[in-house]
Amino acid sequence: MKTIYRVLIGKPGLDGHDRGAKFIARALRDAGFEVIYTGIRRTPDEIASSAIQEDVAAVGLSSMSGAHLRLFPAVVDSLKRAGAEDIPVLGGGIIPEEDKQLLKQGGITSIFTPGTPVDTIIHAFTEACSKQHQSRR
Amino acid sequence: MEISSLLKRLHQGDARAVARAISLVEDQGQSGPDIMAGLDPKRLETSLVVGITGPPGAGKSTLTASIVKALRNEKTRVGIIAVDPSSPLTGGALLGDRIRMMEHTLDPDVVVRSMATRGRLGGLCAAAGAAVRILAASGCRLVLIETVGIGQSEMDIATLADITMMVLAPGFGDDIQAMKAGILEVVDLLVVNKADQPGAQKLLLDLGREATSSGRVLQTVAREDQGIIRLLDAIFALEQQLRQDNTLQIRRQQARQREALDWTLELLKPFLRQQINSSPTANNDPGEIARQLAGRIIAEHG
Ligand SMILES: Nc1nc2c(ncn2[C@@H]2O[C@H](COP(=O)(O)OP(=O)(O)OP(=O)(O)O)[C@@H](O)[C@H]2O)c(=O)[nH]1
Ligand SMILES: [Mg+2]
């Protein structure tokens, strides 16, 4: 039986532009994922706590506000504090080239920008989920 | 994770253990049966399962959040299972009920689990029954299950829950016009939500005097937390009655039998598919193919 991957798509921070997040949520659904969507303006702790309760295999974050440098790693930290550092965090949005390295250092495993093809994003989620599921055994 | 330590943490209410246990059962992992067998029967017995159904947008999730808020004022630990359909084409699902319950996200005694139907007919996923019991064992006094639907198949929820309620709202009158008289035959409570909206009185009138004076029809404004205490009183009064006259035990027994039937059919599917695909196609009538196959199986094992 094929494993169905569960992922959470969340938008930390104050900006209300959720078109990108919703687009990715629907694309992942259409690729066979179960997508838990938590809506806009969530705190990093709320996202981490939801991810744990839903037992997702990966978390995808979207930010259009420029606060990603603070907010994305904050989700990683919150997961770590809750003992769930095995859940990978991926991030997308308007992210300048020079921020990518910093986000990687902050624990974000994949970073997408408006130019990233959807297939690349889905592939990255599939890989991340597959790896997370292996760690469950 | 060792099953014994998973079970220990689950009974302590540990969020990760609870969530993982549900996944292991949902994904039909090998440890599923051991997890289910290890749940504290006392907690299963004392918990109450409430099914919340109704048409899309009637306010089920908002009402659930409002009920949760009232229960948390009393320090009651509560579990919520929100079920949404899987896409029949891709198997994927978009699960968004959580959005309305985010205010409780950081409360460790509010456990929310979104589930997809994963191809099962009717409103409930095959694993929802197991998830309910895991939440109960983790210490949830109440477990609420939200599913979309007003048709018959969605009434699956009635067999899984101890108490069922249907949420209606003004503007959904046409949908329920045909069945309104019968609603109280299949659910215990009928909630007219959005009572702040113009059509609410008309909806109550449509339901008829007999229904509205039965004590089983309640009005709420979920978005403003109005009518919730009354609704909870009605739920707990009904619980007491169902426990006293043994109806609760009977309902649970029927639920188990129904779930067992569902699981059996689920487990038989690959075998049946293989039988159908490999049998000579002398007959083109699907009904006849099915009758012959079922007949053969029954003759062999019946
Ligand atoms: N006016 C009014 N609006 C309400 C009330 N309760 C809920 N709503 C609104 O109704 C809309 C739908 O509410 P939900 O709680 O998402 O409804 P639902 O039945 O869970 O919807 P689905 O899960 O999509 O089937 C939201 O915009 C709510 O804010 C109420 O009592 N009064
Ligand atoms: Mg809902």
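Residues numbered from 1 in each chain as written. Chains lettered and ligands numbered in written order. Predicted model: local features only at pLDDT ≥ 70, side-chain atom pairs only at ≥ 80, totals over all residues. Heavy atoms only, no water.

### Some thoughts on the overall build of chain B
Consideration 1: Each helix and strand in chain B was counted, giving 14 helices and eight strands.
Consideration 2: Here the C-alpha atoms of chain B give a radius of gyration of 21 Å, agreeing with the 19 Å that 2.2 N^0.38 yields for 302 residues.
Consideration 3: When the 302 residues of chain B are sorted by exposure, 49% land in the buried category.
Consideration 4: Residue pairs at least 24 apart in sequence account for 76% of intrachain contacts in chain B once pairs closer than 6 positions are excluded.
Consideration 5: Surface accessibility of chain B: about 14,600 Å² in total, with carbon and sulfur atoms responsible for 53%. (Helix = DSSP H or I, 4+ residues; strand = E, 2+ residues; numbered from the N terminus. Rg over C-alpha atoms; globule rule 2.2 N^0.38 Å. Buried < 20%, exposed > 50% of the residue type's maximum accessible area, 1.4 Å probe, protein only. Contact = heavy atoms within 4.5 Å. Areas by Shrake-Rupley, 256 points an atom, 1.4 Å probe, with all protein chains shown as cover.)

### Here's the deal with the domain arrangement of chain B
Residues and elements named next belong to chain B.
Consideration 1: Structurally, chain B comprises domain 1 (39–245) and domain 2 (254–301).
Consideration 2: Taken together, both faces of the contact between domain 1 and domain 2 bury some 670 Å²; the carbon and sulfur share is 45%.
Consideration 3: At the boundary of domain 1 and domain 2, one finds zero salt bridges.
Consideration 4: Across the domain 1-domain 2 interface, the total number found is zero residue pairs in polar contact (both at pLDDT 80 or more).
Consideration 5: Every element with two or more residues in the side of domain 1 that touches domain 2 is listed here: helix 6 (128–137) and helix 7 (156–160).
Consideration 6: A class-by-class count of the residues in the side of domain 1 that touches domain 2 yields four nonpolar, two polar and three charged. (Domains from an automatic or database assignment. Buried area = accessible area lost by both parts, 1.4 Å probe. Salt bridge = Lys/Arg side-chain N within 4 Å of Asp/Glu carboxyl O. Polar contact = N/O pair within 3.5 Å; in protein donor to acceptor, adjacent residues only side chain to side chain. Nonpolar A, V, L, I, M, F, W, Y, C, P; charged D, E, K, R; others polar.)

### Observations concerning the nonpolar core
All names here are of chain B.
Consideration 1: Counting residues in each nonpolar core, the largest one holds 34 residues, and the members touching the most others are L63, I67, L144, M165, L231 and I235.
Consideration 2: Looking at this core, the elements with two or more residues in it are strand 1 (48–53), helix 5 (60–73), strand 2 (78–84), strand 4 (110–116), strand 5 (142–147), strand 6 (163–168), strand 7 (189–192) and helix 12 (228–244).
Consideration 3: Looking at this core element by element, the count peaks at seven residues for helix 12.
Consideration 4: L63 has contacts with M165, V167, V191, T220, A222, I228 and L231, leaving out every residue within four places of it along the chain. (Core = buried A, V, L, I, M, F, W, Y, C linked by side-chain atoms within 4.5 Å.)

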